[in-house]
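Listed here are the chains, written in short residue letters.
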Amino acid sequence: MSSEKTPLVFCELCVRQISGDAENVTTCSESFECQLCFGIMDQSMIDEVGEKVQEELQKLPYDSNSFILALNLPVGQTLREILVNRLRPDFNGTLVQVPHKVRNIDGYLKKLGSYSGKRPTLSSDLQLMITFEQDESDFTDLQFLQSAFPNDFRVGKRNRYSHQEAPTSCSKQQLQQVTGRINEQIARKYVFKSPTRKCTFSLQFERDPVFVAGRYCKYSRCLPQSPWSEDKDAPREPGNSVSEKVCDVLKKQFGASDSRFVTSGREDIDVRMLGNGRPFVVELRNCRITLPVRGLNYLETLKSVEETINAQKDIKINSLTRVPRELAEKLCVGEEDKRKQYCAYCYSILPISDEQFAAARSKIPLTIVQKTPVRVMKRRALLDRERTIFSMDFLKLDDHHFEVRLETQAGTYIKEFVHGDFGRTRPSLAELLHVENGEVDILELDVEKVDLEWPPKLKEGQPPVKFR
């Protein structure tokens, strides 16, 4: 094997930190021509990034006093670090043993702390991601790796037969898979070339999500839980759903870029949600303002938010509190084990006697089988679902009208249980009352209780939840 040293072109900083006084290393005239760092470590590039960070924070400030720095470096730079390590063991610079990414982060950390006015740390709820791009050598890098490792860089069958364009670059995951197999013999086949232009970069601030839990009551029979329109092509009326009425206020309060509304089940648009309300949690993403919900301040802040939301018509929320992610994720765990209580106002074409009500009540508790209802078949899988009716009480209003109060297993289709859904629910309430299928129907339906302790309460003596 040849002992000739591969000639390289480095910037002044890489010469001092990596190559040292080793031979066959030339100093480039422009820092972006460096065959190792692409000029990313140059002071002018660091200042340019810092000024951009400062500008972005002035536009959209965050109330965090610290941040975590994450750098997304070009794949070509990572490949060159590997190749240089294999080809030039004679390098003796001051930081030659330090991983290249650590060297990059160390070069940016203090400067970005100064430009941002925030303290760089390893533990913060605010992350600054800087992505550098230099794609001049992406295709030749891919060709080099395809030649060295043909089995790892095959074009998949899906790409061949679907006429998709062949890849023009290598991903970091692909490079990581072959890193340990790149030896000096393979590395010598690589042709180092200097970039002809500066790297480009982009910034992204991302904050840990804030989770706010509570319960909501819905008093309108025309208000959906989530944005909805009868005509899928028609524009949706903003603020015309439970989720928007809750989330829009929270997003404005905390400067969130986006939100996600998660509930324990859902009611139809024409069903009211009464009692103490349905449990929900809102995930607020990338909040710019979180100080009002840190420590014990969050109780007072969320009480004010509650009042703002409740000033709107048709809904009321209660028990608003902040919860950590692990508790928020438990809301939908064991969904089918929960119980829910309903009150249905029903009509029967045929008169119903007290004896018929008593006979139906005597069958409780009762297991029913429900095929996917006709009204939801377009968006639900065709399944047979076993559900349990735990209790059933009647209030006769006249010979044709009555109220029925039910406690059922979560996931029971109540409307279909009452009228039978053309025989798709067996047995149905119509069958239990010994009237023809379809002769009994619901006029109005209310959810009265969702059996779940929510939001979770702190145990006695348990300290308040800590948030970063």
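Residues numbered from 1 in each chain as written. Predicted model: local features only at pLDDT ≥ 70, side-chain atom pairs only at ≥ 80, totals over all residues. Heavy atoms only, no water.

Per an unreviewed UniProt entry, the recorded name for the protein is tRNA pseudouridine(55) synthase, and the organism is Caenorhabditis briggsae.

This brings us to the sheet that holds strand β6 (residues 200-207). What holds strands together in a sheet is hydrogen bonding between their backbones, with the strands either parallel or antiparallel. Spatial ordering of the open sheet is given by β4-β3-β5-β6, a layout of four strands whose pairing is mixed. Only two strands of the sheet have a single neighbouring strand rather than two, namely β4 (119-120) and β6. Pairing geometry for strand β5 (residues 126-133) and β6, over eight bridges, is antiparallel. Bridge pairing links Ile130 to Leu203 in β6. This element, helix α2 (residues 43-59), spans β5 and β6 of the sheet and lies at about 40° to β6. In this fold helix α4 (residues 100-116) packs onto β3 (66-72), β4 and β5, with an angle of close to 140° to the strand it touches most, β3. (Pairing = 2+ DSSP bridges. Helix = DSSP H or I, 4+ residues; strand = E, 2+ residues; numbered from the N terminus. Contact = heavy atoms within 4.5 Å. Axes fitted to C-alpha atoms, helices over the stretch in contact; angles between N-to-C directions.)

Time to look at the layout of surface pockets. Within this model, the largest pocket holds a volume of roughly 950 Å³. For the largest pocket, the lining is made up of 31 residues, of which Arg266, Glu267, Asp268, Arg380 and Tyr413 are closest to its centre. Of all elements in the fold, only β9 (271-285), β11 (339-348), β13 (384-396), α13 (414-419) and β16 (440-451) reach the threshold of two or more residues within the lining of the largest pocket. Broken down by class, the residue content of the lining of the largest pocket amounts to 12 nonpolar, five polar and 14 charged. (1 Å grid on protein atoms, 1.4 Å probe; cavity = no way out; pocket = protein on both sides within 12 Å on 5 of 7 lines; lining within 4 Å. Points joined across faces, edges and corners; volume = space filled by probe spheres on them. Nonpolar A, V, L, I, M, F, W, Y, C, P; charged D, E, K, R; others polar.)

It is worth spelling out the packing of α2 against α4 at this point. At a closest axis distance of 9 Å, the pairing of α2 and α4 adopts a crossing angle of 35°. When the axes of α2 and α4 are compared, the crossing they make is right-handed. Contacts between α2 and α4 involve Gln43, Met45, Ile46, Asp47, Val49, Gly50, Glu51, Val53, Gln54 and Leu57 from the former and Gly107, Tyr108, Lys111, Leu112, Tyr115 and Ser116 from the latter. Classifying every residue of the contact of α2 with α4 by side-chain character gives eight nonpolar, five polar and three charged. (Left-handed = near helix turned anticlockwise from the far one by under 90°.)

What follows covers the pairing of β5. As judged from the five bridges shared by β3 and β5, these two strands associate in the parallel manner. The residue of β5 that forms the bridge with Asn72 is Thr131.

Moving on: the side chain of Thr6. Note that Thr6 resides in the segment before β1 (8-10). Apart from the residues within four sequence positions on either side, Thr6 is in contact with Asn24, Leu87, Arg88, Arg188 and Phe192.

Enumeration over the complete set of coordinates arrives at zero disulfides. With no disulfide of its own, Cys287 has Cys247 as its nearest cysteine by sulfur position, at a separation of 11 Å. (Disulfide = S-S within 2.5 Å.)

Here the focus is α4. For α4, built from 17 residues, the straight-helix expectation of 24 Å at 1.5 Å per residue is met to within 8% by its first-to-last C-alpha distance of 24 Å. The sharpest bend along α4 reaches about 30° and sits at Leu109. Within α4, the full set of buried residues consists of His100, Arg103, Asn104, Tyr108, Leu112, Gly113, Tyr115 and Ser116. Buried residues along α4 sit in contact with α1 (12-19), α2, β3, α3 (75-87), β4 and β5. Residue Gly117 follows α4 closely and has a positive phi angle near 75°. (Expected span 1.5 Å × (residues − 1). Bend = angle between axes of the 7 residues up to and from the residue. Buried < 20%, exposed > 50% of the residue type's maximum accessible area, 1.4 Å probe, protein only.)

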